Every structure is written in structure tokens, then in C-alpha cells.
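Read off the chains here:
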Amino acid sequence: MGRVVCHAVRDRDMEDLLENNDFTGTLEKNGRFPLCAAEIDILQVNLGYRCNLACKHCHVQAGPLRTEMMARENVESIIHTLENSPIRILDVTGGAPELHSNFRFLVTAARAIGCHVMVRSNLAIFFEEDQASLPSFYKECGVEIVASLPYFRIANVDAVRGNGVFERCIKALQILNEHGYGQENGGLKIHLVHNPRGAFLPPSQESLEAQYRKELLENFGVRFNQLYTLANMPLGRFKDFLVRSNGYDAYMEKLRKAFNPSTLDGIMCRRLVSVGWDGILFDCDFNLVAGLSVEEGCPRHIRDFDYEALSRRKIVLSEHCFGCTAGQGST
Ligand code: SF4
């Protein structure tokens, strides 16, 4: 299967990816290879790697010193794609996507076309310069927010995301609640994301959600809609940590042993196309980080987007895919 190897991928990472990929073998054994796209419901867009935070679990290794940002012409190609395809969900991510100068332009244009818009927000961004109007903007546009909150206690969150981040996230959630987010049966949705702190699989989503709900409501008066529990992907800063602590092989073995074929039907790469900050197309943002673009023969840049071709594509698979299929699944 042909590959475009992006600038972001280092030689050693790529050697690991190509030499140790037994995910395809696992799918073959389960009669599920090749894994093909079902239909494309979602266009996921990475606006760039600049962020106000530098979280330890961030698989794109975003941070304040990153300079990669999507060019205006690619933002316009995204709007053109939404106007000319059946895709009706835009999923905006980064970095902190709110730091991109065309962020509000993109969200507003997508809403005008009739798309549902989801934004991956770190919440702490609300307190950065010129961002105080974000909650009102989100409310006006009816944006669905997905926010990382690795745990409901300050020590766990600040250890992963930096000092003071938990407090800012809680304040941001309180502001969003005041704007109507997180109410049962309400239209404005705020979902939280839990990642385990180390090389562990996440606990049951249902039981942890009940705990989050109780702790956040009793201690801070905070309400949210759903909790997603995700395994840490063996990529980016987390992979560096695993390699440094000699834990990479053990973690991969844990993910392999927890392979659950029933997760394959709901896996995100079957329903979305991910657009990198430079306009390159990927099956998901984990493949984006790994530098593996969509399969050869498909259009590989947002300016060439072809819905029919991309919705028939075979997914490019690698070792890190075990992170999506372990236990209850993580996409
Ligand atoms: S990392 Fe997950 S979402 Fe991405 S291609 Fe692999 S299985 Fe699909």
C-alpha cells in the first residue's frame, strides 16, 4: 500500500511503524481485512499545532512554540468541500483551534452551509487574550464542544496538563453551564474526555462517567453531557515517555491482548476523513501524527477532495491502531 510520509514523522518512528505492524495480521485472522471506509459523515480538520498548553498526553505534540497553521486557501477548500459533498459534520481540532486567525470564519461558514460543528477545546483557552467571547460565540453557533478533562481531581489534571489548568477548566465549564451547555435534554452539548494517567487501559466508560458526574456536580456545580474514555495512543509525547521509561513493548502487548473485534464497526476512520494543517488527507488524526496519508490512488489533498473515491478507500493501518480497538474501543 503506498504512503505519503509527512515532514512530521521521524525516521525511527517510521521504521517502527513499518517493521512492527501486526495489526493487519490480526484483522486477517478475524476475517476483517481489508478495513474499508463505510461512508464519510465527518470532515475532521486540524487547524494547526499551536496551543496555549503542552499536555503530556497530547498525541500531536502541540504547544505554544509550534508554528504550523493552516493556510487560508486550505480553509477555503474545506468550505468548498462541505458545500459540494454530503458531509454534514465538521470536527475542528488542533492544537488549540481557537488560536487560528480563521477559526471563527470557518465555524461561521460551516454553520451557514447547515453543517453541525464540533470543536475540540482545551477550555483553558477561554482565559487567553482576546478569547473571553468564545463561550458566547459557541452558544450563538450551536457548537458541540469536546474537552479533555483527564480526571475530576486537581492533582491528576495539573500533573498532565500544567499547573492551574484544572482550575481554569472548571471555571470554563461553569461559564459554559451558565450559557446553557451541559443541561439534560438541552441542545448545547459539552462532552468530556478521560485518558488514563499512564500505560493503562481506561476503565469502563459507564462507571467512570457516573463518578465524574457526581464529583463535578457536588464539588463545583458542573454539569456535562457525556464522558468518553480513551486509551492513550502510542504516538507523540506519550510514545516518547513509553520509550524513555522502557514501557513501550509492554504497553503495546497490553493493547494487542485487549484487541476487541466488535470495536471495528464503530471505528472513526470508517466514517471520517482527517485534514492536516497543510491540507493533506488522512484516515484519522492518529495516522496524521504517524505521517500516513490516505491510500495511494485516492486524492491526497483537500483541494482535490473526491467524496466518491474517498468513501470507497481502504484504511491505512498500523501498529498504533491497536490503541483504537483495545477493550471497549477508543474512537
Ligand atoms: S488509528 Fe484508529 S482510527 Fe486511525 S486508522 Fe487506525 S484504527 Fe482507524
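Residues numbered from 1 in each chain as written. Predicted model: local features only at pLDDT ≥ 70, side-chain atom pairs only at ≥ 80, totals over all residues. Heavy atoms only, no water.

(A) Just the pattern of salt bridges, in detail. Using the criterion set out here, one finds 13 salt bridges in the structure. A salt bridge links Arg32 to Asp265; the shortest N-O distance between them is 2.9 Å. Remark: Asp265 occurs in the loop between helix H10 (248-257) and strand S7 (272-275) and Arg32 occurs in the loop between helix H2 (23-29) and strand S1 (42-46); sequence separation between them is 233 residues. For Glu76, the salt bridge identified is with Arg72, shortest N-O distance 2.8 Å. In this pair, Glu76 and Arg72 both sit in helix H3 (residues 72-83), four residues apart, roughly one turn of the helix. Exposure remark for Glu76: the relative accessible area of 40% places this residue in the partly exposed category. Here the residues in one salt-bridge network are Asp22, Glu253, Arg256 and Glu319, joined through shared partners. (Salt bridge = Lys/Arg side-chain N within 4 Å of Asp/Glu carboxyl O. Helix = DSSP H or I, 4+ residues; strand = E, 2+ residues; numbered from the N terminus. Buried < 20%, exposed > 50% of the residue type's maximum accessible area, 1.4 Å probe, protein only.)

(B) Main features of the confidence of the model for the chain. The share of residues in the chain with pLDDT of 70 or more is 94%, and the mean pLDDT across the chain is 92. The model gives residues 1-12 a pLDDT under 50, and that stretch makes 28 contacts with residues more than four places away or in other chains. Contacts of residues 14-20 to residues separated by more than four positions or lying in other chains number ten contacts, the stretch itself having pLDDT below 50. (pLDDT = per-residue confidence, 0-100. Contact = heavy atoms within 4.5 Å.)

(C) A look at the packing of aromatic side chains. Tallying each qualifying case throughout the model produces 13 aromatic pairs. On the basis of an interplanar angle of 25 degrees and a centroid distance of 4.2 Å, the ring pair of Tyr151 and Phe152 is categorised as stacked. Judged by its relative accessible area of 3%, Phe152 is buried. Taken together, a centroid distance of 5.3 Å and an interplanar angle of 80 degrees make the contact between Phe238 and Tyr251 edge-to-face. Remark: Tyr251 occurs in helix H10 and Phe238 occurs in helix H9 (residues 236-244); sequence separation between them is 13 residues. In this pair, the class of Phe238 matches that of Tyr251, namely buried. Connected via pairs of aromatic rings, a cluster forms that spans Phe103, Phe126, Phe137 and Tyr138. Taking NZ or CZ as reference, Arg72 lies 3.8 Å from the ring centre of Phe105, over its face. Here the guanidinium or amino end of Arg104 rests over the ring plane of Phe137, the centre of that ring lying 5.0 Å away. (Phe/Tyr/Trp six-rings, centres within 6.5 Å; stacked < 30°, edge-to-face > 60°. Lys NZ or Arg CZ within 6 Å of the ring centre and 35° of its normal.)

(D) Expanded view of the nonpolar core. Leu43, Tyr138, Leu192, Tyr212 and Phe305 are the most contacted members of the largest nonpolar core, which totals 107 residues. Per element, the largest residue contribution to this core is seven residues, and it comes from helix H7 (residues 165-178). (Core = buried A, V, L, I, M, F, W, Y, C linked by side-chain atoms within 4.5 Å.)

(E) How the structure looks around the pairing of strand S3 (residues 116-121). Note: strand S2 (residues 89-93) against S3, four bridges, orientation parallel. Of the residues in S3, the one forming a bridge with Leu90 is Val117. Crossover S2 to S3 through helix H4 (residues 103-113) is right-handed. Two strands pair when backbone bridges link them, and S3 and strand S4 (residues 144-148) are joined in this way by four bridges, in the parallel orientation. For Met118, the partnering residue across the bridge sits in S4 and is Glu144. In this region the chain leaves S3, passes through helix H5 (residues 134-141) and returns to the parallel neighbour S4; the handedness of that crossover is right-handed. (Pairing = 2+ DSSP bridges. Right-handed = clockwise from strand over helix to strand, strands pointing away.)

(F) Region of interest: the sheet that holds S3. Spatially, eight strands are ordered S6-S5-S4-S3-S2-S1-S7-S8 in an open sheet, and the strand pairing comes out mixed. Strands with a single pairing partner mark the edges of an open sheet, and in this sheet they are strand S6 (227-229) and strand S8 (281-282). Sheet contacts for H4: S2 and S3; angle to S3, the most-contacted strand, approximately 155 degrees. (Axes fitted to C-alpha atoms, helices over the stretch in contact; angles between N-to-C directions.)

(G) Geometry of the packing of H4 against H5. H5 packs onto H4 with a crossing angle of 15 degrees between their chain directions and a minimal axis gap of 10 Å. As summarised for this structure, H4 and H5 are arranged roughly parallel, according to the angle between their axes. By crossing handedness, the relation of H4 to H5 is classed as left-handed. Contacts from Phe103, Arg104, Val107, Thr108 and Arg111 of H4 reach H5 at Leu134, Phe137, Tyr138 and Cys141. Its residues assigned to classes, the contact of H4 with H5 shows six nonpolar, one polar and two charged. (Parallel < 35°, antiparallel > 145°, perpendicular 65-115°, else oblique. Left-handed = near helix turned anticlockwise from the far one by under 90°. Nonpolar A, V, L, I, M, F, W, Y, C, P; charged D, E, K, R; others polar.)

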